[in-house]
Amino acid sequence: MNKIGLRALSQHLGLTEGTVSRAINDYPDISARTRERVKSAAAELGYRPNSSARRLATGNAECIGYVMPWQDGHISEPFLGELLEGLSQTVSKRHWDLNLAVSRSAKDELAIITRLAESGRVSGVVISRTMTHDPRIEKLRDIGMPFVSHGRTLDSADHAWFDIDNFSAFREAVSHLVELGHESIAHIHGPLDYNFAVDRRAGYRRGLLDGNLDLDPALEAKSDMTVDGGYRAMRYLLSLRAVPTAVVCVSDMVAVGAMKAIRETGRQPGREISIVGYDGVPLSEHTHPALTTMAQPLQSAGARIGEMLLAVIDGDRPADHQELWRATLERRETDGPPIAADP
């Protein structure tokens with residue numbers, strides 16, 4: 001079917017272009033009968049609005065921006081693909097666009113946010129991987145751009161945010177390993193300027209205390225959020241005189257690197273050393289062996305973040321849109337009792 005424009009639709013109905021446009025966009029000064037007639041004809045004839053003209057007329061960019069968090073290798077991270085899929089599904093339901101902005105440095109992220117706001121190309125912004133003190137949020141507050149943060153900071157009381165309860169997730173992961181009989185549980189944590197990394201380490205430590213285990217700083221290894229980082233951190237843990245029997249990792253990708261290091265020593269992940277990841281990305285189901293993980297609902301999280309941002313853009317109070325979801329333990333093949341505890 002050939003698509004028709006506003007002029008042809010107006011001529012077909014014998015109405016002015018202004019009346020037809022206002023009926024399609026549900027203006028209250030157009031009667032319900034006229035709106036129904038216009039929309040029925042639009043559907044029958046295959047009318048498609050001129051989005052550029054509509055955006056120009058309303059001053060609404062009908063586009064949201066996602067500012068990709070800066071980090072080496074971040075474009076290939078599986079969690080981003082899942083998150084963006086959900087986000088794009090939500091905005092497309094309103095026939096809006098998603099603008100993906102890729103930064104080259106932390107400083108560049110601030111410049112991108114400023115450019116997006118000044119250009120008028122987006123109506124709101126989503127940011128991820130929040131820091132404990134995040135200059136991006138301060139910038140967005142200053143310029144008055146509607147936004148939702150995927151994650152919290154130490155000061156998130158007045159803005160919209162969506163987060164997973166990282167503290168509870170890692171407390172649960174450690175408690176699970178304690179129940180399996182582990183007494184030496186290590187943690188590969190992320191850079192501690194990120195708020196999620198701080199919360200996950202705090203959950204790990206609380207899980208140890210819950211299990212009446214000592215906090216040993218030697219069992220905490222820092223990693224960047226990459227496979228290579230997990231590999232290097234695990235190599236350190238394997239060099240300890242008393243090698244831990246279990247490790248909880250800040251992300252699935254870090255866990256993949258840790259598993260590689262374990263296999264290189266002739267050990268089997270889940271047998272000699274248990275591994276628990278975090279994220280629940282599809283890749284974790286296909287590692288060898290399959291990775292046990294604390295899974296977060298990435299795609300549905302992206303969809304919900306999009307809904308929250310659209311509500312803020314529509315005029316809702318940002319502080320009314322703050323949601324904390326839970327991760328769930330997905331048991332696969334990399335968690336088991338320590339060998340000495342096997343029957």
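Please read these numbers as outputs of a predicted model, since none were measured by experiment.

Draft legend 1. Here's a closer look at the sheet that holds strand 4 (residues 147–150). Ordered by their spatial adjacency, six strands build an open sheet running 2-1-3-4-5-11, and the pairing between neighbours is parallel. If you trace the sheet from one side to the other, it starts and ends with strand 2 (97–102) and strand 11 (322–325), each paired once. Averaged over all pairs of adjacent strands, the angle between their axes in this sheet comes to 15°, without regard to strand direction. Here strand 3 (residues 124–128) pairs with strand 4 via four bridges, running parallel. Counted as the bridge partner of Ile127 is Ser149 from strand 4.

Draft legend 2. Spotlight on the sheet that holds strand 10 (residues 292–295). Pairing in this open sheet of six strands is mixed, and the strands run 7-6-8-9-10-12 from one edge to the other. Each of the sheet's edge strands pairs with one partner strand only, and the pair in question is strand 7 (220–222) and strand 12 (328–330). Within this sheet the neighbouring strands show an average axis-to-axis angle of 20°, counted without direction. For strand 10 and strand 12, the ladder comprises three bridges, and the chain directions are antiparallel. Residue Thr293 lies in a different strand from strand 12, and its bridge partner there is Glu330. Set on the sheet, helix 9 (residues 195–210) makes contact with strand 6 (185–189), strand 7, strand 8 (246–249) and strand 9 (274–279); between it and strand 6 the angle comes to about 175°.

Draft legend 3. Main features of the pairing of strand 1 (residues 63–68). Most of strand 1 is tucked away: six of the six residues are buried. Both faces of strand 1 are covered, namely the face carrying Cys63, Gly65 and Val67 and the face carrying Ile64, Tyr66 and Met68. In terms of strand pairing, strand 1 meets strand 2 through six bridges, oriented parallel. Within strand 2, the position partnered with Val67 by the bridge is Ala101.

Draft legend 4. Expanded view of the pattern of salt bridges. Considering all chains together, one arrives at 15 salt bridges under this definition. Between Asp314 and Arg94 there is a salt bridge, with the nearest N and O atoms lying 2.8 Å from each other. Remark: Arg94 occurs in the loop between helix 5 (78–93) and strand 2 and Asp314 occurs in the loop between helix 12 (298–313) and strand 11; sequence separation between them is 220 residues. The residue Arg232 makes a salt bridge to Asp224 at a minimum N-O spacing of 3.4 Å. Each of the salt bridges in this network shares a partner with another, and the network as a whole consists of Glu109, Asp134 and Arg136.

Procedures and definitions
- Residues numbered from 1 in each chain as written.
- Predicted model: local features only at pLDDT ≥ 70, side-chain atom pairs only at ≥ 80, totals over all residues.
- Heavy atoms only, no water.
- Pairing = 2+ DSSP bridges.
- Helix = DSSP H or I, 4+ residues; strand = E, 2+ residues; numbered from the N terminus.
- Axes fitted to C-alpha atoms, helices over the stretch in contact; angles between N-to-C directions.
- Contact = heavy atoms within 4.5 Å.
- Buried < 20%, exposed > 50% of the residue type's maximum accessible area, 1.4 Å probe, protein only.
- Salt bridge = Lys/Arg side-chain N within 4 Å of Asp/Glu carboxyl O.

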